[in-house]
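For reference, the chains in residue letters:
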Amino acid sequence: MDITRVRALLAKEFIDLVRNRSALVPVAIVTVMSLVLPFGIAIAVPAFSGHPLGEDSDLVRVSQVAGVAGNLSNDARIQLFLFQQFLMMFLITPVTGAMALASHAVVGEKQARTLEPLLATPVSTFELLTAKVLGALVPTLAISAIGLGLYLGGIAAFAAPGVAAAMASVRTLLLTILVAPAAALVSLQAAILISSRVNDPRTAQQFGVLIIIPLAGLMVAEFSGSLWLSATALALIGVALLGVWCLLSLCSVALFDRETILTRWR
Amino acid sequence: MISASHLTRRFGQRTAVNDVTFEVGRSEIVALLGPNGAGKTTTMRMLAGLIAPTSGSIAIDGQALTRASGGTLRKRIGFLTEAPGLWDRLTIRENLRVYAGLYGLGDADRRIDRTLELFALHDRRATLAAELSKGMRQKVALARTLLHEPAVLLLDEPTSGLDPEVTRNFRMLLEARRAAGCAILVSTHNLDEAERLADRVAVLHERLVAIDEPAALRARLTTGRLIVRVAGDPAAYVDVVRMIVGPAAALSADRTTLTVQLPGGDRQTPSIVNALVAAGAEVVEVRPEMPALEDVYMHLMEKRVGAAGSGLAD
């Protein structure tokens with residue numbers, strides 16, 4: 001792999017994105033929702049309604065699955081449970097990024113008729129796809145990181161005492177620095193694979209939406225309290241996702257058929 | 001140098017290019033002519049290493065173009081695609097900068113500046129590609145194609161939609177590249193351009209119908225008629241010419257010109273000129289009637305279609 005070529009393409013992706021910031025609006029909206037929803041439910045609603053979370057016996061019971069040390073108040077324990085569950089929302093951000101950016105990656109170039117001159121250069125398929133993945137991954141993760149910073153900062157500022165400290169766990173660390181980026185890589189790579197196999201961006205997006213199904217299932221299970229992913233489970237999921245990404249990368253290169261893209265797509 | 005040997009490309013049941021063999025030497029421009037769907041773009045794409053031939057082989061400067069060698073050989077090839085393919089949200093300079101990176105040009109900034117100067121684009125270097133006219137886009141695309149100073153140039157319909165001034169500048173630029181030793185293959189519909197620009201013309205219609213110098217191609221359709229332009233009324237000299245060519249030869253006169261069939265071939269030309277001068281005619285021009293390249297092209301196409309229709313396509 002020639003890093004100069006990847007860098008050149010990456011520069012193009014970033015310039016393109018800077019001049020088309022609206023492409024990032026869906027990612028930004030999901031990030032804002034990932035912030036507004038948990039703080040609304042865990043902090044604002046109880047404060048305005050006058051009914052603390054700890055009064056709800058069901059919530060108290062469900063929050064036990066978080067396995068939190070008993071020195072937190074019921075309110076704090078429920079807040080911790082909710083904030084940990086809503087952390088999963090940050091897994092959706094990269095999927096949105098995949099839909100917004102990566103699904104256009106190859107088919108968009110083809111439609112703009114910029115792909116043929118690009119493929120006539122010495123750039124290899126692997127270099128092209130690497131640049132496309134990084135071009136979508138970096139801004140998506142940057143927005144996610146900003147959102148996550150605000151999330152954790154908001155917990156420190158507004159949550160009950162002890163919640164912020166309890167959030168600073170191996171589980172949170174694994175979710176934010178391993179599982180979220182790995183999920184981002186998988187969804188972006190899958191979107192790019194799809195983008196190089198279909199012939200219009202809408203089809204790419206429609207297929208791409210399917211990526212959200214396993215994540216939605218995971219979130220429903222977590223919120224219902226029927227599934228609690230321990231740090232070990234998250235580590236295993238992270239590693240598994242990285243393995244899936246490697247497989248998808250290989251498939252993307254193998255399935256990127258230059259001839260078909262150039263001669264069959266219109 | 002480009003060498004294509006027995007190139008065939010099929011798409012399913014359809015054969016786009018069939019057993020095409022030709023070479024383009026260093027410092028040579030070959031124009032590829034043919035109707036829509038004749039296989040010009042497919043041939044170009046094969047030569048650029050974008051699609052593989054179903055059979056046959058391609059060599060660039062003696063090195064076989066294969067999937068393995070494609071990446072390396074593409075550094076030596078400049079391919080101007082039918083559509084300019086510029087990134088609209090990037091400026092002219094940024095578009096060139098990305099390609100400089102893709103070709104791994106060490107002195108990218110200097111080369112880009114030189115290319116911008118060469119194409120008189122320096123003042124517009126910060127203009128977004130989206131804001132450019134069709135001609136300007138084509139010009140930038142050509143600048144991009146030449147940025148890495150390729151030894152082989154493949155140009156697919158390069159002057160399509162360009163105004164005459166840009167077209168003329170483009171021709172001068174290609175002549176400069178030819179002088180620099182480039183092997184250049186230009187696909188075009190423009191017969192006048194082919195005639196002006198190309199050292200040889202290849203006529204493609206799935207197969208290679210003909211390849212030769214423009215003059216040699218025209219000579220294939222030589223009419224055997226002589227054009228004589230005289231001052232005054234040409235009709236006054238019809239009888240003089242008739243005495244030399246005989247009563248059966250076709251002979252006509254219009255406002256300025258006598259057109260005469262030469263049953264005895266070129267050797268009758270001096271006698272005709274001598275007789276006209278002796279008769280007091282002021283001879284302004286004498287030349288054999290040569291068909292335009294367009295006539296040759298149409299003739300070759302009709303022949304090809306006729307042969308295909310009767311199952312005699314070679």
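Quick caveat, the model's predicted, so the values are computed rather than measured.

Some points on the pairing of strand S13 (residues 257-261) of chain B
All names here are of chain B.
Next up, step 1: Where burial is concerned, most of S13 is hidden: four out of the five residues are buried.
Next up, step 2: Relative to S13, strand S12 (residues 251-253) is paired through three bridges, and the arrangement is antiparallel. Residue pairing in the sheet places serine 252 in a bridge with threonine 259 of S13.
Next up, step 3: The hairpin turn running from S12 into S13, its antiparallel successor, is three residues long.

Examining the sheet that holds strand S10 (residues 207-212) of chain B
Residue and element names in this part refer to chain B.
Next up, step 1: In spatial order, the strands read S6-S7-S8-S3-S9-S10; together these six strands make up an open sheet with mixed pairing. The two strands at the open ends of the sheet, each matched to only one other strand, are strand S6 (77-80) and S10. Strand-to-strand twist in this sheet, taken as the mean axis angle between neighbours without regard to direction, amounts to 15 degrees.
Next up, step 2: In the packing of helix H1 (residues 40-47) onto the sheet, contacts are made with strand S3 (28-33), S6, strand S7 (152-156), strand S8 (183-188) and strand S9 (200-205), and the angle to S8 comes to roughly 155 degrees.

Some points on a nonpolar patch on the surface
All names here are of chain A.
Next up, step 1: A contiguous nonpolar patch, built from Val25, Ile29, Met33, Leu37 and Ile41 and spanning about 400 Å² of accessible area, is present on the exposed surface.
Next up, step 2: Within the secondary structure, methionine 33 is located in helix H2 (residues 25-49).
Next up, step 3: Among the residues examined, methionine 33 registers a relative accessible area of 42% and is labelled partly exposed.

Observations concerning the side chain of Glu193(B)
All names here are of chain B.
Next up, step 1: Along the chain, the position of glutamate 193 falls in helix H7 (residues 191-197).
Next up, step 2: With no salt bridge to any partner, buried glutamate 193 finds its closest opposite charge in arginine 171, at an N-O distance of 5.3 Å.
Next up, step 3: Side-chain polar atoms of glutamate 193 contact the side chain of threonine 188, separated by 3.2 Å.
Next up, step 4: When sequence neighbours within four positions are dropped, the list of residues in contact with glutamate 193 reads Thr159, Thr167, Val186, Thr188 and Ala198.

Observations concerning the pattern of salt bridges
Next up, step 1: Counting across every chain of the model gives 21 salt bridges over all chains.
Next up, step 2: Linking Glu28(B) and Arg200(B) is a salt bridge whose minimum nitrogen-to-oxygen distance equals 2.5 Å. Residue Glu28(B) is located in strand S3, and its partner Arg200(B) is located in strand S9; the two are separated by 172 residues in the primary sequence.
Next up, step 3: Put simply, Asp199(B) and Arg178(B) hold a salt bridge, and the shortest N to O gap is 2.9 Å. Placement of the pair is Asp199(B) in the loop between H7 and S9 and Arg178(B) in helix H6 (residues 164-179), with a sequence separation of 21 residues.
Next up, step 4: Here Arg178(B) falls in the buried class, since its relative accessible area comes to 17%.
Next up, step 5: A single network of salt bridges, built from pairs that share partners, joins Lys12(A), Glu13(A), Glu109(A) and Lys132(A).

Notes on the sheet that holds S13(B)
Residue and element names in this part refer to chain B.
Next up, step 1: If you trace the four strands from one edge of the open sheet to the other, you get S12-S13-S11-S14, paired in antiparallel fashion. Two strands lie at the open edges of the sheet, namely S12 and strand S14 (282-288), each paired on one side alone. With direction set aside, neighbouring strand axes in the sheet form an average angle of 15 degrees.
Next up, step 2: Pairing analysis gives six bridges linking strand S11 (residues 225-231) to S14, with the strands arranged antiparallel. Considered in S14, the bridge of leucine 226 is made with proline 288.

Points about the environment of Val17(B)
Next up, step 1: Here Val17(B) shows up in strand S2 (residues 14-24).
Next up, step 2: Taking the C-alpha atoms as reference points, Val17(B) and Glu289(B), 272 residues apart in sequence, are found 34 Å from one another.

Let's talk about the packing of helix H8 (residues 125-158) of chain A against helix H10 (residues 170-195) of chain A
All names here are of chain A.
Next up, step 1: Where H8 contacts H10, the axes come no closer than 10 Å and their chain directions differ by 140 degrees. As far as their axial angle goes, H10 and H8 are oblique. Once H8 is placed against H10, the crossing between them reads as right-handed. From H8, Leu129, Lys132, Val133, Ala136, Leu137, Leu141 and Leu148 reach across to H10, where they touch Thr176, Pro181, Ala184, Leu185, Leu188, Gln189 and Ile192.
Next up, step 2: Grouping the amino acids of the contact of H8 with H10 by side-chain chemistry returns eleven nonpolar, two polar and one charged.

Quick word on the packing of aromatic side chains
Next up, step 1: Evaluation of the coordinates by the stated rule reveals five aromatic pairs over all chains.
Next up, step 2: With 5.8 Å between their ring centres and 80 degrees between their planes, Phe83(A) and Tyr151(A) make a pair best called edge-to-face. Separated by 68 residues along the polypeptide, Phe83(A) in helix H4 (residues 74-86) and Tyr151(A) in helix H8 bring together distant segments of the chain.
Next up, step 3: According to the relative accessible area criterion, Tyr151(A) is buried, its value standing at 0%.
Next up, step 4: One aromatic cluster is present, formed by Phe39(A), Phe83(A), Phe90(A) and Tyr151(A) through successive ring pairs.
Next up, step 5: Between the NZ or CZ atom of Arg144(B) and the centre of the ring of Tyr99(B), over which it lies, the distance is 4.9 Å.

Some thoughts on the interface of chain A and chain B
Next up, step 1: In this complex, chain A contributes 24 residues to the contact, which on the side of chain B involves 27 residues.
Next up, step 2: For the pairing of chain A and chain B, the buried interface totals around 2600 Å² over both sides, and the portion due to carbon and sulfur atoms is 61%.
Next up, step 3: Summed over the three residues of chain A that lose the most area to chain B, namely Arg19(A), Pro122(A) and Glu259(A), the buried surface amounts to 22% of that side.
Next up, step 4: The interface formed by chain A and chain B contains three salt bridges.
Next up, step 5: For the salt bridge of Glu116(A) with Arg45(B), the shortest nitrogen-to-oxygen distance reads 2.7 Å.

Rules and cut-offs
Residues numbered from 1 in each chain as written. Chains lettered and ligands numbered in written order. Predicted model: local features only at pLDDT ≥ 70, side-chain atom pairs only at ≥ 80, totals over all residues. Heavy atoms only, no water. Buried < 20%, exposed > 50% of the residue type's maximum accessible area, 1.4 Å probe, protein only. Helix = DSSP H or I, 4+ residues; strand = E, 2+ residues; numbered from the N terminus. Pairing = 2+ DSSP bridges. Axes fitted to C-alpha atoms, helices over the stretch in contact; angles between N-to-C directions. Contact = heavy atoms within 4.5 Å. Patch = residues over 30% accessible without salt bridge, like charges linked within 9 Å, V, L, I, M, F, W, Y side chains within 5 Å. Areas by Shrake-Rupley, 256 points an atom, 1.4 Å probe, with all protein chains shown as cover. Salt bridge = Lys/Arg side-chain N within 4 Å of Asp/Glu carboxyl O. Lys, Arg positive; Asp, Glu negative; His and termini not counted. Polar contact = N/O pair within 3.5 Å; in protein donor to acceptor, adjacent residues only side chain to side chain. Parallel < 35°, antiparallel > 145°, perpendicular 65-115°, else oblique. Left-handed = near helix turned anticlockwise from the far one by under 90°. Nonpolar A, V, L, I, M, F, W, Y, C, P; charged D, E, K, R; others polar. Phe/Tyr/Trp six-rings, centres within 6.5 Å; stacked < 30°, edge-to-face > 60°. Lys NZ or Arg CZ within 6 Å of the ring centre and 35° of its normal. Buried area = accessible area lost by both parts, 1.4 Å probe.

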